[in-house]
Amino acid sequence: MSLFCPCSKVPDHVILSGGPNNRYWVVDVEERPGHKTLTISCSKSLQPTETCLLKDGWEMTPVRRGDVVHLEGCSDGGSWLVDREQGFLVLLPDSLISGTSISSSIRCMRRAVLGDMFKSFDGGSKQMLNGTMVHEVFQRAATAKDFSLEKLSKLADEALHGPRYLGDMYSLGVSQEEMKQELHDYLPSLQHWANEYLNSSAPKDSATVVTVTELADIEENVWSPRFGLKGKIDVTARVRIQRPRTGGHRTPEEKIVPLELKTGKESNSIEHRSQVILYTLMSLERYNPETGFLLYLKTGNMHPVVANHMDRRELLKLRNTLVHHIHNCVEQEAERSRLTRLPDILTNRQTCQYCPQKRNCALYERAVDPSSADVSEDVVQDFLQQETGHLTPPHLNYFSHWLLLCCLEAAPMETKNSRKRVWLQTVQESEKNGSCVGNLQLSAPVTIQSEGVFLHRFQRSGVASQQGLASGDRIVVSDQEGRLVGLATGYLCEVSKKVISCTLDRDLSKYSGVLFRVDSDEGVVGLSTHLTNVSRLMENCQDSDRLRELVVDLRSPEFISNLSSVLPREAKDTVANILKGLNKPQKQAMKKVLLSKDYTLIVGMPGTGKTTTICTLVRILHACGFSVLLTSYTHSAVDNILLKLKRFRVGFLRLGQGQKVHPDILPYTEESVRKNGVHTLSELEQLYSKELVVATTCMGIKHPIFTHRRFDFCIVDEASQISQPVCLGPLFYAKRFVLVGDHQQLPPIVQNQEARSRGMDESLFKRLELHKEAVVQLNVQYRMNRQIMSLSNSLMYDGRLECGSERTALALLTLPFLLTVQSELSSYSQMQPQHDLSWLQATLLPSNPVCFLDCSMVPALESVERGGISNRTEAALIHMLLSLLIKAGCKPSDVGVIAPYRQQLKTISSLLQSSAFTGVEVNTVDRYQGRDKSLIVLSFVRSTLGELLKDWRRLNVAITRAKHKLLMVGSATTLRRYTPVEKLLNHLHQIHSCVCH
DNA sequence: GCTCTGCTGAGAGGA
């Protein structure tokens, strides 16, 4: 008998179910020699329970209490058996693992796990590019049903000159001619294959004859939640298999099977065959194929791969081990998390020699166990020495620290990942969340918008339910039955009650008649960019060595003493001219950057003209002939600077998806420039090297341009909001860098509590700030009037913030009709003397720029709902204040309402529906950073200060958005318990107790 | 206790 903890509760985000697509919660695991028994339940109440007996090797499955599993096979009255002959157990089935990950784990499980954490940055090889291009030629010939040499060679040339692969050739440094040679070598065997297998009628008595009668699909995308698999099937073909006659007459078999194309050696290796077997497994629900084919395009030979139970069983066991390691890279030890061990390092040096995860493999080993370099086997010791010998203990510490933080932070992202809803929730359930629209049918012919972008229109039948999807959202399309999950992904264009239009990566016209569902797809972004950057920082090369010294060892930044050596003579006048428009600290900032040999930190306090400063800096650097890489975390921050820069005839290249770029910046994107004709490699090279200034987001550094170009300066805007690993990314490509930010404003958002407490919200900006000599402060501001500024000064800046002019200092809200409103209020007060409204009259006065409206005396209770926290009383008060202020002549577009919680914004917005309020912007503190309004109304929402406003940086941002008037609404008595708010309240002259009705 | 923006991606061969 096994005992299990009755208090163990299933978390909210877990979805369980019975039936063919079952999901069981593992209540308990009982291990015995040779077998393992699971106590499981598919109900969240954990009643009733069933059992599952694992044996014949399945008992080695690393399944634990609290895991979710899927069971295949049969159960006998609630007891399942998974053994040699029957049944499968799929561990964590909602984590879909790709076919290639699993087949790569055959040789080295450790490599497969690392491959999931770190997307390798090696950029591939010429052979790989050729492989991709041969695939493309084959697939397009298949679509055109024409494998003649003329057609093939035409398709090859299109691929060579089309936009798609030029970037890869640029990265790899191979010429179009070279690639052409490689590619053309394959064409004859492609034709040969077609002659041999495609509709061939050549009868052969002796052997099995396989004839491909139809190429049913190309690059079919498959998500198989039943087996926890995903993949892309090169070609899905209908084949006729005629076996040799043995006497009697035999009808040929017709089947739909996956074809896996390979351009490399005809190895027929276990990895290749495993890939095919996994494809047959994941398309079980679609066609139930028992066979697949490996098609080697070098020779045109085709090998059948028959999938038997044993192969499938062993591959699923590998998948289970892999998924276990991916999900359990962190373990708890005495309340503190730490990295877990990975599968062992191979001791066969031959295999490891070309492994793309070599460095990460060694780094990880030393991160979990610093002593491993001394105690392991000799082979491993040598390997560790070779890969990490150049690193000091602090370097290794930095690596393991950030690796752990990233793994911790990845966990909440994983649980939030809503992708599993696509297959675990019905359309009705998902529509209720607003994340899905169902009952859709194709309503118009699919049109091709550009290469690989297909415009679809769907008609919705039945009642339109609550609408949660918006245009621009990333989506995934599946059939409603759950047989064709994840058919295509793309973006939503138009949503109305009846019609949905979207652009998808695949043409779904062959599914006419199918009922579709469209789900929002937030995707699983993960933290692989972060980890890749941290790993790169540990590389044994010049760029990384230098950056490591500055970032990890915190070596003091150096400066040269004389400007004249950096300023070219011919640029002097231009630079002097540009400098004219700047104030003193801004000029200092320019000078510091020019003198820097390593880096400069520019602290841009609120309203001090950060964007202008960066724009001016770029102009100066440009005038001096320096190249500049301009980045920030968000597209909008990058474009804000570019919009300013554009006016000064400074040329630049903007990298990134056109969809995300500001419309006015679109003409500068690579996409648009290339439309004007870039067909050769040298044209592309020209485009990539033409502009001194290149702009992109920090995550956009996977672009081919960075395989070759280096910049004199890298500027990172909003650097105090970017987490360290991300901020590092662009710095690899520049000799010097400039971080612009303000650590007194919002830090990087970190969801995991432990990750935050262990320092994940420390930006690189903050880390480097200890070197005072690298810091310039922009403290002259042009936003807030004197009273508002002094509030922030007392809270955060110790009086360092200054007004740029008397005009700024004295500016007040203009309310042309205030007298009318005031007299109305007065007469109301006279008629109802029990309602003293003098507090309200004082509040409205522009000459009272900062007011706190204290709701302590009225019951202003917050309510915690599903969507978050709100406070109706505060919302009502804000509604009244705004009505009066707008009546008094304040323009709605000059008004901003800020609250720390989304739910409160909803509550406020719903009260501001009337047209009088059109233009009033209601948003979170976070969204308001970097922006301002003449009048800001701030709702504190909580009578007990929440986690969010305890952060004085968030509070600082909130109060510094107002130019002329700041109204704060909250419960003063309780808020006083928190030091930052207390400090703030003590500074105020105007605290009004409001008496609401 | 509820703040949010980034990202195509699974596979393209080689020993």
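These numbers were taken from a predicted model, which means no experiment stands behind them.

K.L.:
Go over the overall build of chain A, please, and point to the residues and values.
P.N.:
Helices and strands together make up the secondary structure of chain A, namely 37 helices and 39 strands. Taken over the C-alpha trace, chain A has a radius of gyration of 32 Å; the compact-globule value for 997 residues is 30 Å, and the two agree within 12%. With the C-alpha coordinates of chain A rotated into their principal frame, the extents come out at 110 × 75 × 65 Å. Expressed as a percentage of the 997 residues in chain A, the buried residues total 54%. Within the structure as shown, chain A displays about 43,500 Å² of accessible surface, and the carbon and sulfur contribution to it stands at 50%. Between the centroid of the 116 positive side chains of chain A and the centroid of its 107 negative side chains there is a distance of 5 Å.

K.L.:
How would you sum up the sheet that holds strand β27 (residues 711-717)? Please name residues and give values.
P.N.:
The strand order across the open sheet formed by seven strands is β25-β26-β24-β27-β28-β23-β29, and the pairing between neighbours is parallel. At either end of the open sheet lies a strand with only one pairing partner, and these are β25 (652-654) and β29 (775-778). Across the sheet, the mean angle from the axis of one strand to that of its neighbour is 20°, orientation sign disregarded. With five bridges joining them, strand β24 (residues 628-632) and strand β26 (residues 693-697) adopt parallel strand pairing. Of the residues in β26, the one forming a bridge with Thr631 is Thr696. Running over the sheet, helix α19 (residues 584-595) touches β23 (599-604), β27, β28 (734-741) and β29 and is turned about 155° from β29.

K.L.:
Any details on the environment of Met590? Residues and values, ideally.
P.N.:
Inspection of the secondary structure assignment puts Met590 in helix α19. You can call Met590 buried: its relative accessible area is 2%. Considering only alpha carbons, one finds Met590 and Leu617, 27 residues apart in sequence, at a separation of 6.2 Å. Other than its neighbours up to four places away in sequence, Met590 contacts Leu579, Leu582, Thr613, Thr616, Leu617 and Ile620.

K.L.:
Pulling in residues and values, what's your account of the nonpolar core?
P.N.:
One broad trend across soluble globular proteins is that nonpolar side chains are buried collectively. Judged by nonpolar contacts, the single largest core of 189 residues is most densely connected at Met169, Trp193, Leu739 and Met968. Per-element tally for this core: the top contributor is helix α13 (residues 393-416), with ten residues. Excluding anything up to four places from it in sequence, Trp193 contacts Phe138, Phe147, Leu198, Val212, Leu259, Leu295, Gly300 and Met302. Ranked by size, the runner-up nonpolar core spans 39 residues in total, among them Leu813, Ile886, Phe917 and Val937.

K.L.:
Describe the sheet that holds strand β7 (residues 88-91), and please don't skip the residues or the numbers.
P.N.:
Strand order in the open sheet made by the seven strands is β5-β6-β3-β2-β1-β4-β7, with mixed pairing throughout. The sheet is open, and its two borders are formed by β5 (75-76) and β7, each paired with just one other strand. For strand β1 (residues 24-32) and strand β4 (residues 68-72), the ladder comprises two bridges, and the chain directions are antiparallel. Bridge pairing links Tyr24 to Val69 in β4.

K.L.:
Quick rundown of the environment of Cys329? Include the residues and the values.
P.N.:
In this fold, Cys329 is placed in the loop between α8 (309-327) and β14 (330-333). We classify Cys329 as buried; its relative accessible area is 10%. If sequence neighbours within four positions are ignored, Cys329 has contacts with Met117, Arg338, Leu339, Thr340, Tyr364 and Cys407.

K.L.:
I'd like to hear about the protein's contact with DNA strand B, residue by residue, with values.
P.N.:
Taken together, 46 residues are adjacent to DNA strand B, and Thr100, Thr263, Tyr279, Lys416 and Thr697 come closest. Those atoms of DNA strand B that come within 4 Å of the protein belong to sugar or phosphate at a rate of 63%. Between DNA strand B and Thr924, the relevant distance is 2.9 Å, taken from a phosphate oxygen to a side-chain nitrogen or oxygen of the residue. Elements that contribute at least two residues to the surface near DNA strand B include exactly α1 (99-105), α3 (126-144), β10 (229-242), β11 (253-262), α7 (270-282), α13, α33 (925-928) and α34 (947-950). A total of five residues in the surface near DNA strand B trace back to one element, the largest contributor, which is α3. For the surface near DNA strand B, the per-class residue count stands at 13 nonpolar, 16 polar and 17 charged.

K.L.:
Now, about the pattern of salt bridges: what can you tell me, with residues and values included?
P.N.:
Inspection of every chain in the model, using the stated rule, returns 52 salt bridges. Among the salt bridges present, the one from Arg548 reaches Asp545, with a minimum N-O distance of 2.6 Å. On the criterion of helical spacing, the pair formed by Arg548 and Asp545 is a turn pair, its members being three residues apart in helix α17 (residues 542-551). For Asp545, a relative accessible area of 30% puts it in the partly exposed group. Glu921 is paired through a salt bridge with Arg931; the nearest N and O atoms lie 2.9 Å apart. Of the two residues, Glu921 sits in strand β36 (residues 921-924) while Arg931 sits in the loop between α33 and β37 (933-939), which places them ten residues apart along the sequence. Salt bridges linked by common partners bring Arg546, Glu549, Arg555, Glu558, Lys597 and Asp598 together as one network.

K.L.:
A description of the state of the cysteines should follow, citing residues and the corresponding values.
P.N.:
Should the sulfur atoms of two cysteines be covalently bonded, the bond is a disulfide. According to the stated counting rule, one finds zero disulfides in the structure shown. You can see Cys74 has no disulfide; the closest cysteine sulfur is in Cys52, sitting 11 Å from it. Looking at Cys436, it has no disulfide partner, and the nearest cysteine sulfur is the one in Cys502, 13 Å off.

K.L.:
Mind laying out the confidence of the model for chain A, listing which residues take part and the relevant values?
P.N.:
With 95% of its residues at a pLDDT of 70 or more, chain A shows a mean pLDDT of 89. Low confidence marks residues 1-7, where pLDDT is under 50. Its contacts with residues over four positions away, or in another chain, come to eight contacts.

K.L.:
Account for the packing of helix α27 (residues 786-797) against helix α35 (residues 952-959), naming residues and giving values.
P.N.:
Packing of α27 against α35 leaves a shortest axis separation of 10 Å and a crossing angle of 170°. By the angle between their directions, the pair α27 and α35 is classed as roughly antiparallel. Contacts between α27 and α35 involve Ile788, Leu791, Ser792, Leu795, Met796 and Tyr797 on the former and, on the latter, Trp952, Leu955, Asn956 and Ile959.

K.L.:
Talk me through the packing of aromatic side chains; I want residue IDs and the actual numbers.
P.N.:
Scanning all chains against the criterion turns up 18 aromatic pairs. In this structure, Arg619 is placed above the aromatic ring of Phe648, and the distance from its NZ or CZ to the ring centre is 3.6 Å.

K.L.:
Residue-level account of unusual backbone geometry, with values.
P.N.:
A cis geometry characterises the amide bond from Gln47 onward to Pro48, with omega recorded as -5°. The residue Pro48 is located in the loop between β2 (35-41) and β3 (50-55) in this model. Phi at Glu335 is positive, roughly 70°, even though this residue is not glycine. Along the chain, Glu335 falls in the loop between β14 and β15 (336-339). The phi dihedral of Glu718 is positive, around 55°, even though this residue is not glycine.

K.L.:
Explain the pairing of β7 to me, using residue names and the numbers behind them.
P.N.:
Because side chains alternate across β7, one face comprises the buried residues Phe88 and Val90, and the other comprises Leu89 and Leu91, equally buried. Bridging between β4 and β7 involves four bridges; their strand directions are antiparallel. The residue bridging Glu72 from the neighbouring strand is Phe88, located in β7.

K.L.:
An account of the side chain of Thr924 is requested, with residue identities and associated values reported.
P.N.:
Note on placement: Thr924 falls in strand β36. Classification of Thr924 by relative accessible area gives buried; the value is 7%. For Thr924, the contacting residues outside a window of four places in its chain are Ile898, Ala899, Arg902 and Leu905.

Conventions and cut-offs
Residue positions are given per chain, counted from 1 along the sequence in the order it is written. Starting at A for chains and at 1 for ligands, labels are handed out in the order in which the entities are written. In keeping with the model being predicted, local features are shown solely for residues with a pLDDT of at least 70 and side-chain atom pairs are shown and tallied solely at 80 or more, while totals for entire chains, interfaces and linings include all residues. Heavy atoms throughout the structure, all of them, feed into the side-chain values; hydrogens and water do not. Labels follow the DSSP assignment, with helices taken as runs of H or I lasting at least four residues and strands as runs of E lasting at least two, numbered in each case from the N terminus. Computation of the radius of gyration draws on C-alpha atoms alone. For the globule rule, the value is 2.2 Å times the number of residues to the power 0.38. Note on exposure labels: buried denotes an accessible area under 20% of the residue type's maximum, exposed denotes more than 50%, and partly exposed covers the range between, all computed with a 1.4 Å probe on protein chains only. Each accessible area is a Shrake-Rupley result for a 1.4 Å probe, and residues are judged covered by the shown protein chains and nothing else. Positive charges are assigned to Lys and Arg, negative charges to Asp and Glu, while His and the chain termini are left out of the count. Throughout, a charge is located at the NZ atom of Lys, the CZ atom of Arg, the CG atom of Asp or the CD atom of Glu. Strand pairing is defined by DSSP finding a minimum of two bridges between the two strands. All axes here are fitted lines through C-alpha atoms, helices being fitted over the stretch that makes contact, and every angle between N-to-C directions spans 0 to 180 degrees. Pairs of residues are marked as contacts when any of their non-hydrogen atoms sit within 4.5 Å. Residues grouped as a nonpolar core are buried Ala, Val, Leu, Ile, Met, Phe, Trp, Tyr and Cys residues, joined through side-chain atoms within 4.5 Å. The cutoff for a nearby residue is simple: one of its non-hydrogen atoms must lie within 4 Å of the molecule or strand. Under this definition, polar contacts are N or O atom pairs within 3.5 Å; protein pairs additionally need one hydrogen-donor-capable and one acceptor-capable atom, and for neighbouring residues in sequence, both atoms have to be side-chain atoms. For this classification, the nonpolar set comprises Ala, Val, Leu, Ile, Met, Phe, Trp, Tyr, Cys and Pro, the charged set comprises Asp, Glu, Lys and Arg, and every other residue, Gly included, is treated as polar. We define a salt bridge as a contact between a side-chain nitrogen of Lys or Arg and a carboxyl oxygen of Asp or Glu at a distance within 4 Å. In this description, a disulfide is simply a cysteine sulfur pair whose atoms lie within 2.5 Å. pLDDT is a residue-level measure of predictor confidence that goes from 0 to 100. In what follows, roughly perpendicular refers to angles from 65 to 115 degrees, roughly parallel to angles under 35, roughly antiparallel to angles over 145, and oblique to any angle outside these ranges. Think of it this way: a Phe, Tyr or Trp ring, Trp meaning its six-membered ring, pairs with another when their centres are within 6.5 Å, and the plane angle makes it stacked under 30 degrees, edge-to-face over 60, tilted otherwise. Placement of a charge over a ring requires the Lys NZ or Arg CZ to be within 6 Å of the ring centre, with the centre-to-atom vector within 35 degrees of the ring normal.

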